[in-house]
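One-letter residues, chain by chain:
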Amino acid sequence: MDLTYTEEEEDFRARLRAWLGKALPELPAKPSPDDWPGRRAYDLGWQRRLYDAGYAGLHWPVDAGGRGATPTQHLIFLEETERAGAPYVGANFVGLLHAGPTVAAEGSPEQRARWLPPVLRGDEVWCQGFSEPDAGSDLASLRTRAVRDGDDYVVTGSKIWTSHAEVADWCELLVRTDPAAPKHRGISWLAMPMDAPGVTVRPLRTLAGSTEFAEMFLDEVRVPVANRVGAENDGWRVTMVTLSFERGTAFVGEVVACRRTLGELARTAKANGRWDDPVLRRRLGRLYGEFGALWRLTQWNVSEAMGVPPVRAESRTRGSTGGVPGIGGSVFKLAYSHARQELYDAAAEVLGAGSLSLDEEWTLDRLSSLSYTIAAGTSQIQQNIVAERILGLPKGR
């Protein structure tokens, strides 16, 4: 893997850094965490600024409305925006990081033309309707039904942990279209308008007090058949494309953030006298090495998602073609989830009991880190994928 930057890439970095220096001071005040309409407007406003400056969908294919940037340019963009303290994707994350890329990879020309430009312009927000009360980690056991009625599906069921459902325009929705088929083969992937009659959203409050998730109840909701991405009953394969984006490349900006956080912890430990503890220094040093390795794995996954072999072709992780991340994303997700949790355990050790107020950003981040071994597929699921699909071990009984 060539980790050096070309003159053209360094020029891209300099231009991006200069633009961020002008754009960030012009942003309005960040809204309250509880003000979801305000947060939606703030996040969409930032996305529109990126779009107008030519940085929206930087790594998306040109025929999907993106700039077709190289993997290295994409990584430079993530590094520079994170280091500058630019807003993250926020309420846009489902549309930008996995629903949009899924439509780009699997959608028809008409679907790509309808759904991708509004995501890139910051006009529409997507949410994810995958998990159900009785089908979380075992996603293929979902029970939400979609019955064909002429040009529509009539959808009935419920979803849980639906990210940003309160402010979403569209939902990437998994439904069962053939209840008689084996559970992995009777599923379809639909784009459901959130303002359709029969959709009820009930916010869920997290441990940290946020309501970014919701329950969603669907009572005979009519969704046009034209909104199905992929063939009927082929939704599990399409879902694997979605999850490969969610696990393989959706967390890349957060790795940069964690590396920055680790540096802040080291500086804080030196300032408050904790740096004299050799056990703590070793812990922070080991985390520094882990996040450095995760950044290299991020480079691998982003390169693989763009169809650029980071190493010899015979050494590549199986399962990556056509701009879709490979199953190596499960390796990243598994390692990152646990490293992030340990990072915030170390933060509690450095900052002491005084950091335990819920008003402290550190504490909120620590509480959020607890969800990472569950979100986007539990660690147990990732271990099974790594064992069976990468290491070639037999399936458990």
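As a reminder, the structure under discussion sits directly above these lines.
This text gives an overview of the structure that appears in the document. (Residues numbered from 1 in each chain as written. Predicted model: local features only at pLDDT ≥ 70, side-chain atom pairs only at ≥ 80, totals over all residues. Heavy atoms only, no water.)

## A closer look at the side chain of Arg176
With respect to the helices and strands, Arg176 occurs in strand β4 (residues 170-176). Here Leu142 takes part through its backbone oxygen, which lies 3.0 Å from a polar atom of the side chain of Arg176. Within the local environment of Arg176, its side chain forms a polar contact with the backbone oxygen of Lys183, the two atoms lying 3.2 Å apart. If near-sequence neighbours (up to four positions away) are discounted, Arg176 is found in contact with Ala140, Ser141, Leu142, Thr144, Arg145, Ala146, Pro182, Lys183, Gly186 and Ile187. (Helix = DSSP H or I, 4+ residues; strand = E, 2+ residues; numbered from the N terminus. Polar contact = N/O pair within 3.5 Å; in protein donor to acceptor, adjacent residues only side chain to side chain. Contact = heavy atoms within 4.5 Å.)

## Focus: the pattern of salt bridges
One pass over the structure, following the stated rule, counts 28 salt bridges. Among the ionic pairs, Arg17 bridges to Glu80, the shortest N-O distance being 2.8 Å. Of this pair, Arg17 sits in helix α1 (residues 7-23) while Glu80 is found in helix α3 (residues 71-83), placing the two residues 63 residues apart along the sequence. On the accessibility criterion, Glu80 (4% relative accessible area) is buried. (Salt bridge = Lys/Arg side-chain N within 4 Å of Asp/Glu carboxyl O. Buried < 20%, exposed > 50% of the residue type's maximum accessible area, 1.4 Å probe, protein only.)

## Description of the packing of helix α4 (residues 93-106) against helix α5 (residues 109-121)
Following both chains from N to C, one finds α4 and α5 inclined at 160 degrees, their axes separated by 9 Å at the closest point. Classified by the angle their axes make, α4 and α5 are roughly antiparallel. Regarding α4 and α5, the two cross each other, and that crossing is left-handed. On the side of α4, the interface is formed by Gly95, Leu96, Gly100, Val103, Ala104 and Ala105, while α5 contributes Gln111, Arg112, Trp115, Leu116, Val119 and Leu120. Residues of the contact of α4 with α5, tallied by class, amount to eight nonpolar, three polar and one charged. (Axes fitted to C-alpha atoms, helices over the stretch in contact; angles between N-to-C directions. Parallel < 35°, antiparallel > 145°, perpendicular 65-115°, else oblique. Left-handed = near helix turned anticlockwise from the far one by under 90°. Nonpolar A, V, L, I, M, F, W, Y, C, P; charged D, E, K, R; others polar.)

## Observations concerning the packing of aromatic side chains
How two aromatic rings sit relative to each other is given by the distance of their centres and the angle of their planes. Within the structure shown, the criterion is met by eight aromatic pairs. Each ring, one from Trp19 and one from Trp46, has its centre 5.7 Å from the other, and the planes form 35 degrees; the classification is tilted. Here Trp46 lies in helix α2 (residues 36-53) and Trp19 lies in helix α1, a separation of 27 residues in the sequence. Under the relative-accessibility criterion, Trp46 is labelled buried at 4%. An aromatic cluster is present here, built from Phe12, Trp19, Trp46, Tyr55 and Phe77 joined pairwise through their rings. Sitting over the face of the ring of Trp36, Arg39 holds its NZ or CZ atom 3.9 Å from the ring centroid. (Phe/Tyr/Trp six-rings, centres within 6.5 Å; stacked < 30°, edge-to-face > 60°. Lys NZ or Arg CZ within 6 Å of the ring centre and 35° of its normal.)

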